[in-house]
Amino acid sequence: MSIIEVKDLCFTYGIKTPFEKKAVDSLNLSINEGEIIGLIGHTGSGKSTFVQMLNGLIRPTSGQVFLNGEDIWAKPKEIRKIRFKVGMVFQYPEYQLFDETVYDDIAFGPKNMGLSGEKIDATVKKAAKFSGLSEKLLKKSPFDLSGGEKRRAAIAGVIAMDPDVLVLDEPTAGLDPKGKSLLLSQINSYHRERNNTVIIVSHSMEDIAQIADRVLVMNKGRLEMFDTPKKIFAQAEKLESMGLRVPQITKIMISLKEKGYDVSDGVLTVEQAFCEIVSLLKKEGKI
Ligand code: ADP
């Protein structure tokens, strides 16, 4: 069942000024409940503008966003409620942290939603656990956290509102490889337990290949492709024409295939490549 539907969605910045810019152009798509969507596109392709329209942070110039079948702008006065349902973690989490302690920051959403004392406490601790934030950090000021911890705190603050749709803008940017894969696996296990819909905007094709059920490719404000990672990353040339690339490991396997080795060209992760190469070596009697 679809949770988000977007019809003829457009957004133009600076209408009737010399800086007028159509950032999102006639998007039509639907996202199913429980999917993990990877959103990719060159810088300036309209990704941020698009996701900000999903939770009513910006109002479409024309077109509609439906959440569970309802136009989110049907009652403009109630648009704030949409932000509890579609939670957004921005690329720069420091802008999202403002309270005295990490605990208060995470508690802000649940308090605003009208939860009571004990429930708030349980929600804060659960959200912190989901985002891999240790309890001892909860007493600290958010400004004393490291970059990775700040991002986890911002994620916890949004998860605490238990949104049906979680939007993460570049969640692993700036993290080291270990931090990246840990955060991705935490997002994955949160998703498995909560079974909500997750939209991840990322420049890392590796992250997207690892985690997404479907990949949405934007180019110059338009929806260019929307399919499984396997089908999207099989179109290396098309992606390259949009300033994108396929995951490194996919590229290596494609070149092995081009050189005549009997391997799949739909490999997306190092683990899959390892299995392919082991089975190739076995077939050739080398192991
Ligand atoms: P992405 O997230 O893919 O990098 P954006 O949605 O940020 O893309 O931007 C899409 C287009 O809209 C770009 O050309 C960008 O320069 C323009 N844009 C983004 N924000 C603003 C703004 N506040 N005012 C004017 N133009 C903007």
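Cut-offs and rules
Residues numbered from 1 in each chain as written. Predicted model: local features only at pLDDT ≥ 70, side-chain atom pairs only at ≥ 80, totals over all residues. Heavy atoms only, no water. Pairing = 2+ DSSP bridges. Helix = DSSP H or I, 4+ residues; strand = E, 2+ residues; numbered from the N terminus. Contact = heavy atoms within 4.5 Å. Axes fitted to C-alpha atoms, helices over the stretch in contact; angles between N-to-C directions. Core = buried A, V, L, I, M, F, W, Y, C linked by side-chain atoms within 4.5 Å. Buried < 20%, exposed > 50% of the residue type's maximum accessible area, 1.4 Å probe, protein only. Right-handed = clockwise from strand over helix to strand, strands pointing away. Near = heavy atom within 4 Å. Polar contact = N/O pair within 3.5 Å; in protein donor to acceptor, adjacent residues only side chain to side chain. Areas by Shrake-Rupley, 256 points an atom, 1.4 Å probe, with all protein chains shown as cover. Nonpolar A, V, L, I, M, F, W, Y, C, P; charged D, E, K, R; others polar. Domains from an automatic or database assignment. Buried area = accessible area lost by both parts, 1.4 Å probe. Salt bridge = Lys/Arg side-chain N within 4 Å of Asp/Glu carboxyl O.

**Side note on the sheet that holds strand S4 (residues 62-67)**
Here is step 1 of the chain: Pairing within the open sheet is antiparallel, and its 4 strands lie in the order S2-S1-S4-S5. Here the strands that pair on one side only, and so sit at the sheet edges, are strand S2 (21-32) and strand S5 (70-71).
Here is step 2 of the chain: As paired strands, S4 and S5 are joined by 2 bridges and run antiparallel to one another. Each residue of the ladder has a partner; that of Leu67, found in S5, is Glu70.
Here is step 3 of the chain: Where helix H1 (residues 47-54) meets the sheet, it contacts strand S1 (2-13), S2 and S4, and its direction lies at approximately 125° from that of S1.

**Quick look at the nonpolar core**
Here is step 1 of the chain: Core analysis: the largest hydrophobic core is formed by 32 residues, its most contacted members being Ile106, Leu133 and Leu168.
Here is step 2 of the chain: The set of elements that each furnish at least two residues to this core consists of helix H3 (102-112), helix H4 (117-130), helix H5 (147-159), strand S7 (165-169), helix H6 (177-194) and strand S8 (197-201).
Here is step 3 of the chain: Of all the elements, H5 adds the most residues to this core, at 6 residues.
Here is step 4 of the chain: In contact with Leu133, not counting residues within four places along its chain, are Val102, Ile106, Ala128, Leu138, Glu149, Arg152 and Ala153.
Here is step 5 of the chain: Counting 31 residues, the second-largest nonpolar core is a separate cluster that includes Ile3, Leu29, Ile82 and Ile199.

**Some details on the pairing of S8**
The side chains of a regular strand alternate, first on one face of the sheet and then on the other.
Here is step 1 of the chain: Most of S8 sits out of view: 5 of its 5 residues are buried.
Here is step 2 of the chain: The alternating pattern of S8 places Thr197, Ile199 and Val201 and Val198 and Ile200 on opposite faces, both of which are buried.
Here is step 3 of the chain: The pairing of S7 with S8 spans 5 bridges and is parallel. Bridging across to S8, Asp169 finds its partner in Val201.
Here is step 4 of the chain: Regarding topology, H6 serves as the crossover connection from S7 to the parallel S8, and that connection is right-handed.

**What to know about the site of the ligand**
Here is step 1 of the chain: Close contacts around the ligand come from Tyr13, Lys21, Ala23, His42, Thr43, Gly44, Ser45, Gly46, Lys47, Ser48 and Thr49, and that covers them all.
Here is step 2 of the chain: Between the ligand and the protein, one listed contact pairs an oxygen atom with a side-chain N or O atom of Lys47 at 2.8 Å.
Here is step 3 of the chain: A distance of 2.5 Å separates an oxygen atom of the ligand from a polar atom in the side chain of Thr49.
Here is step 4 of the chain: Protein chains bury 61% of the 560 Å² of accessible surface belonging to the ligand in isolation.
Here is step 5 of the chain: Elements with a contribution of two residues or more to the shell around the ligand: S2 and H1.
Here is step 6 of the chain: In terms of residue count, H1 provides more of the shell around the ligand than any other element does, 3 residues in total.
Here is step 7 of the chain: Here the shell around the ligand is composed, by residue class, of 2 nonpolar, 7 polar and 2 charged.

**Things to note about the domain arrangement of the chain**
In many analyses, interface size is given as the accessible surface area lost on bringing the parts together.
Here is step 1 of the chain: As far as domains go, the chain holds domain 1 (2-230) and domain 2 (247-287).
Here is step 2 of the chain: Summarising the inter-unit geometry, the C-alpha centres of domain 1 and domain 2 are found 34 Å apart.
Here is step 3 of the chain: Listed as interface residues are 6 residues of domain 1 and, on the opposing side, 5 residues of domain 2.
Here is step 4 of the chain: The junction of domain 1 with domain 2 conceals about 440 Å² of combined surface from both sides, 72% of it contributed by carbon and sulfur atoms.

**A short note on the pattern of salt bridges**
Here is step 1 of the chain: Tallying each qualifying case throughout the model produces 11 salt bridges.
Here is step 2 of the chain: Glu78 serves as the salt-bridge partner of Lys81, at 3.7 Å between the closest nitrogen and oxygen.
Here is step 3 of the chain: Residue Lys81 is classed as partly exposed on the basis of its relative accessible area, which comes to 47%.
Here is step 4 of the chain: When its relative accessible area of 36% is taken as the criterion, Glu78 is described as partly exposed.
Here is step 5 of the chain: We note a salt bridge from Lys283 to Asp262, for which the minimum N-O separation is 2.9 Å. Pair noted here: Lys283 is in helix H11 (residues 270-283) and Asp262 is in the loop between helix H10 (248-258) and H11, with a separation of 21 residues, a long-range link.
Here is step 6 of the chain: Here Lys283 falls in the exposed class, since its relative accessible area comes to 55%.
Here is step 7 of the chain: Beyond isolated ion pairs, a larger network of salt bridges with shared partners links Lys22, Asp25 and Arg222.

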